Amino acid sequence: MVDYRDQNAPPGGPYQWGMVIDLDRCTGCEACVVACRAENNVRISGEEEASKGRANYWIRIERYWEGEYPNAQLKFMPVLCQHCGSAPCEPVCPVYAAYHTPDGLNAQVYNRCVGVRYCGNNCPYTVRYFNWFDPHWDEPLNEQLNPDVTVRSGGVMEKCTFCVQRIRGAQRTAQKEGRRVKDGEITPACVQSCPTEALVFGDRNDPNSRVSKLKESRRGFRLLEELGTEPAITYLKKAE
Amino acid sequence: MDLKRRDFLKVLGVTAAGSLLPGCAGETKKLIPYVIPDEEIIPGVADWYASVCRECDAGCGILVRVMEGRAKKVEGNPAHPVNRGKLCAKGQASLQGLYNPDRIQEPLQREGARGEGRFRPISWEDGISRWVSTLEKYPGGAVMISRPVPGTLSRLFSTFMKEISGRLLFYDPSGEGTLQAANRRSFGVDRFPEYDIANATYLLSFGTPFLSDWLSPVHYGLAYGEMRQGRPAVRGRFVQIEPRLSMTAASADRWVPLRPGTEGLLALGIGQVILKEGRVRLAQGDRSRFEKLYGTVSLDQIAAKTEVPREEIIRLAREFSEAAAPLAIGGGTASSQTNGTNTLMAVNALNLLVGNLGESGGIRFIEPLQGFPAAAATPVSDQALLNLKDSFKNKKRSLLMLYQSNPLYTLPPSTHFGEVFDQAAFTVSFSSFMDESTAMADLILPDHFFLEAWGDFLSDGGTPAAGLGQPVVIPRNNTRPVGDLFLSAAKRIGGNIEKQLPWTDFRTMLEDQWKTFLAREVPGQPFEIAWIERLQQGGWWKPEQRLISVSRRPLPESIESAQFEGDEKQFPFYLTLFESMGLQRGEGANRPWLQELPDPATTVVWGSWVEINPRTARQYGIQEREIVRVISPYGEVEAPVIFFPGNRPDLISMPLGQGHTAYGRYAKGRGVNPVILLAPLVDRDSGTLAMGATRVRIERTGRRGKPVLVDQTGEGTRRSPEGRRRSET
Ligand code: SF4
Ligand code: SF4
Ligand code: SF4
């Protein structure tokens, strides 16, 4: 049996995927939100379900109001699964549906998920979304569904995968060509669409990748990092 | 937690399942696909087709991912100069236009009374004959209202309408008519320049929603990112001046609220200080005319009228004139008043004062594409549309044709534009969706969706480009390209019009235009090869841009004040209506992805709301989510209240885009269309609807509404973006 871990391990050690989000660029335009839905077959919840807090957004734009008129300020922050290095959502899953891949992804095996939602409760970023019902697309909206991504059924937990289908696609190409994935070769859907280039994706194991360089910025911080979750996403503060 | 598959097996002790698991080399073929977790699915093979996005009028280049004949995903075309690989929410959602369950699937003929909404399918042959016979019955009686379609379709429409002595009006509801008029006066140029935001070091924006819906949002989004963090040592600063803290204002370093309609006056004050303090870049002898303009009002008066403190005006003036590359832009709330053009001219004057015309980081006019045969589609003013009422009333015109225009929804009822529909002897719509105006038609000859059709799109402004679109999927329904319809009508009418439009179908006409064009641009290359290359590239654009210089530089003669409708005592509030990211002016309302796209400031989805400053709301005793009635001299709407700390206390704001009475299952009967509140006031110089010129009052209903907020942070647990927990303010 081949060690599972070796599968994606290129020469020089496995990848460690990560992201940098520059809040000085992000404008809250939400192109990323729709791009993610389109890529990942994220269900349409509808008004009724959304009003019960059951709308699914693998990536969402959080807004923060500060101050009062005329000094009111509004700040935006894209929030998606942080692919925590020490993920609180993983050990609580009784059936190991939530687990960590060797290349640093927090993965969810849908057909193993039994829907107890412990992971969702334990995620401090509230980025896990539960499918309360089977998804539904009024025909022919379903024709758009991406065949590379599973349609999740009711009772299953889901969340951002860093667009793993795109990662695996690029890795296979690189593997066939006997090389490592090049920096910038993989763009998750949100990253690809973002008009202001606020989102950057890459390999944290490669010291020369844009992600590795950007995350050393003095503006860098990680979300709720005091919890010890070791997020794979570094945010860059809005500059003054 | 690093869980290897082997460990997993050990944990569960299910050794027999081993061969079923992926990761065991050579065994994967035997797997039931559904048992493979997503992270191990091998992505299928896709084809990519280049085209042009038609979800707004920016003309971004797109690449569409197609698998097994179905369009799966739209991405920006990295080669296209307008959007360089990027795309906005609306572009992403264009697939829900293509696969919309409520598309009109075949030609329809009205049954029952007009507007009753009963239609019966007819054959294409019958449909076209009915249309053509009406054209022949009312010679010179046809009016066509079309969305702007710069490119071959524009040439086809204009030739056709000219030959039948009809009238063609390009109508753009979110039209930048004021900006067009102001630039025409300030610079003598009828096109939009490139506002070089990317290279500016100080951006002073008067109400311009350039990060959401102004001119070319993706283009300017890219530029904004570069302005902030794209240069090694420089971070451009940005101040937004407007009465409501919009989504664009949220990104600014400083938001300066002011009284609606006084933006021009504020620009005057800023210019005055700059002139006095001497930090100007003016040609010799040019100073006196600026002195004349800026000497008209005192700074204290300006501070009092704009309600921007004197110190703030001086600060803005200093920051602006001391910057290495200052840039002033105006639009949105600043231009949607009765003095809109005048205001934007005053903003232009600031640029003239610091001499940034043609400079890096300033206003640059780029040489347009030459030689594309008669393809412009300049929008007319709202006033021109309203003037149609007379020509229909006195029977000068009798036949109304509509192409992707929905004036019955976008124009306020106070304009009585509906009279045109009432007076028209016959109305034909070529739209793909049953919008409010199409629902009033007598005959519907539905077009393909743009992803099913051939087309081109000329973008202008900062990035002259001819985008080229091809069918990326086989048409789903019994629809026909609108171009084909017009060419076949020309054939049936015969005579001169047939001579002018000899093509058998739109694709041939399109290819012919490009043949002429490419023969000039890439001489020597055989057309067949050039054409394929262009289709793969998604169009044609020059590798580099050439600037053109601008000679006319007049200043506004004086600063006009804005006129408002509604007595201040009876209607104490100003009203701002804004376009939301997804729904625009209602066009996006039939796409569920856009309905479920949270408003970035309030997180509301699937509905309408009223934004009120929390202090004002408390004065009225209004609770958040309570339904209020917003009343203007022209109408009233009801919607739930969301507290909005970014509103002036005397300002009510509401999103545009909902309140459809037609337009399919996702749009119809949802929320309210606040346009019905508006007075029929237009900007004096350009005839553009003055969306901000109506005053309103509010009344409590005592009922609790159910706006749907998808705020994950929740009240009381809001964190600051830096990750620290903080109690709510
Ligand atoms: S962000 Fe939440 S879901 Fe994602 S890895 Fe961390 S704990 Fe798990
Ligand atoms: S990485 Fe992919 S799955 Fe994650 S938020 Fe971005 S688009 Fe969605
Ligand atoms: S697309 Fe980019 S700029 Fe827009 S909200 Fe997402 S991260 Fe921010």
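Shown above is the structure to which this text applies.
For clarity, every value in this text was computed on a predicted model and none was experimentally measured.

Draft legend 1. The arrangement of the overall build of chain A in detail. The number of helices and strands found in chain A is six helices and 10 strands. Scaling as 2.2 N^0.38, a compact globule of 240 residues should have a C-alpha radius of gyration of about 18 Å, and chain A matches this with 18 Å. For chain A, the spread of C-alpha atoms along the three principal axes comes to 60 × 45 × 35 Å. By the burial criterion, 63% of the 240 residues in chain A qualify as buried. For chain A, long-range pairs separated by at least 24 residues make up 64% of all intrachain contacts whose partners lie at least 6 apart in sequence.

Draft legend 2. Fine view of the environment of B:Val143. Residue and element names in this part refer to chain B. Structurally, Val-143 can be placed in strand β6 (residues 142-146). The sequence separation of Val-143 and Gly-538 amounts to 395 residues, and the corresponding C-alpha distance is 33 Å. Each residue touching Val-143, except ones within four places of it in the same chain, is listed here: Met-161, Arg-167, Leu-169, Leu-388, Phe-392, Arg-397, Leu-399, Leu-400 and Met-401.

Draft legend 3. Structural context of the sheet that holds strand β18 (residues 465-469) of chain B. All names here are of chain B. The three strands lie next to each other as β17-β18-β19, forming an open sheet whose pairing is antiparallel. Of all the strands in the sheet, the pair left with one neighbour each is β17 (455-459) and β19 (539-541). Taking each pair of neighbouring strands and ignoring which way they run, the sheet shows an average axis angle of 15 degrees. Sheet topology note: the β18/β19 ladder contains three bridges and is antiparallel. Residue pairing in the sheet places Ala-465 in a bridge with Trp-541 of β19. Of the strands in this sheet, β17, β18 and β19 touch helix α20 (residues 506-521), which is tilted by about 25 degrees from β19. Seen against the sheet, helix α21 (residues 527-537) touches β18 and β19 and runs at an angle of roughly 90 degrees to β19.

Draft legend 4. Geometry of the site of ligand 2. All names here are of chain A. Close to ligand 2 lie Cys-36, Asn-40, Trp-58, Ile-59, Leu-80, Cys-160, Thr-161, Phe-162, Cys-163, Pro-188, Ala-189 and Cys-190. Elements with a minimum of two residues in the shell around ligand 2: α1 (31-40) and α5 (189-193). Looking at side-chain class alone, the shell around ligand 2 contains 10 nonpolar, two polar and no charged residues.

Draft legend 5. Representation of helix α5 (residues 152-163) of chain B in the model. All names here are of chain B. Compared with the 16 Å implied by 1.5 Å per residue over 12 residues, the 17 Å span of α5 between its first and last C-alpha is a close match. Looking only at α5, the buried set comprises Thr-152, Leu-153, Ser-154, Leu-156, Phe-157, Thr-159, Phe-160 and Met-161. Following α5 by one or two positions, Ser-165 adopts a phi angle in the positive range, close to 55 degrees.

Draft legend 6. How the structure looks around the pairing of β18(B). All names here are of chain B. Summarising burial for β18: five of the five residues are buried, a large majority. Of the two faces of β18, both are covered, the one formed by Ala-465, Gly-467 and Gly-469 as well as the one formed by Ala-466 and Leu-468. Both β17 and β18 contribute to a ladder of five bridges, which runs antiparallel. Within β18, the position partnered with Ser-459 by the bridge is Ala-465.

Draft legend 7. Seen up close, the interface of chain A and chain B. Contacts between the two partners involve 100 residues from chain A, matched on the other side by 98 residues from chain B. Of all residues in chain A, the largest losses of buried area upon contact with chain B belong to A:Arg63, A:Trp65 and A:Tyr69, amounting jointly to 10% of the total for that side. In this assembly, chain A and chain B are joined by nine salt bridges. Between A:Arg166 and B:Glu75 there is a salt bridge whose closest N-O contact spans 2.8 Å. Scanning the region where chain A abuts chain B turns up 32 residue pairs in polar contact (both at pLDDT 80 or more). Those elements that place two or more of their residues in the side of chain A that touches chain B are α1, α2 (46-51), β2 (60-66), β3 (73-79), β4 (98-100), α4 (164-176) and α5 of chain A. With seven residues, α1(A) is the single largest residue contributor to the side of chain A that touches chain B.

Reading the values: rules and limits
- Residues numbered from 1 in each chain as written.
- Chains lettered and ligands numbered in written order.
- Predicted model: local features only at pLDDT ≥ 70, side-chain atom pairs only at ≥ 80, totals over all residues.
- Heavy atoms only, no water.
- Helix = DSSP H or I, 4+ residues; strand = E, 2+ residues; numbered from the N terminus.
- Rg over C-alpha atoms; globule rule 2.2 N^0.38 Å.
- Buried < 20%, exposed > 50% of the residue type's maximum accessible area, 1.4 Å probe, protein only.
- Contact = heavy atoms within 4.5 Å.
- Pairing = 2+ DSSP bridges.
- Axes fitted to C-alpha atoms, helices over the stretch in contact; angles between N-to-C directions.
- Near = heavy atom within 4 Å.
- Nonpolar A, V, L, I, M, F, W, Y, C, P; charged D, E, K, R; others polar.
- Expected span 1.5 Å × (residues − 1).
- Buried area = accessible area lost by both parts, 1.4 Å probe.
- Salt bridge = Lys/Arg side-chain N within 4 Å of Asp/Glu carboxyl O.
- Polar contact = N/O pair within 3.5 Å; in protein donor to acceptor, adjacent residues only side chain to side chain.

Function cannot be read off these values alone, since they describe shape.
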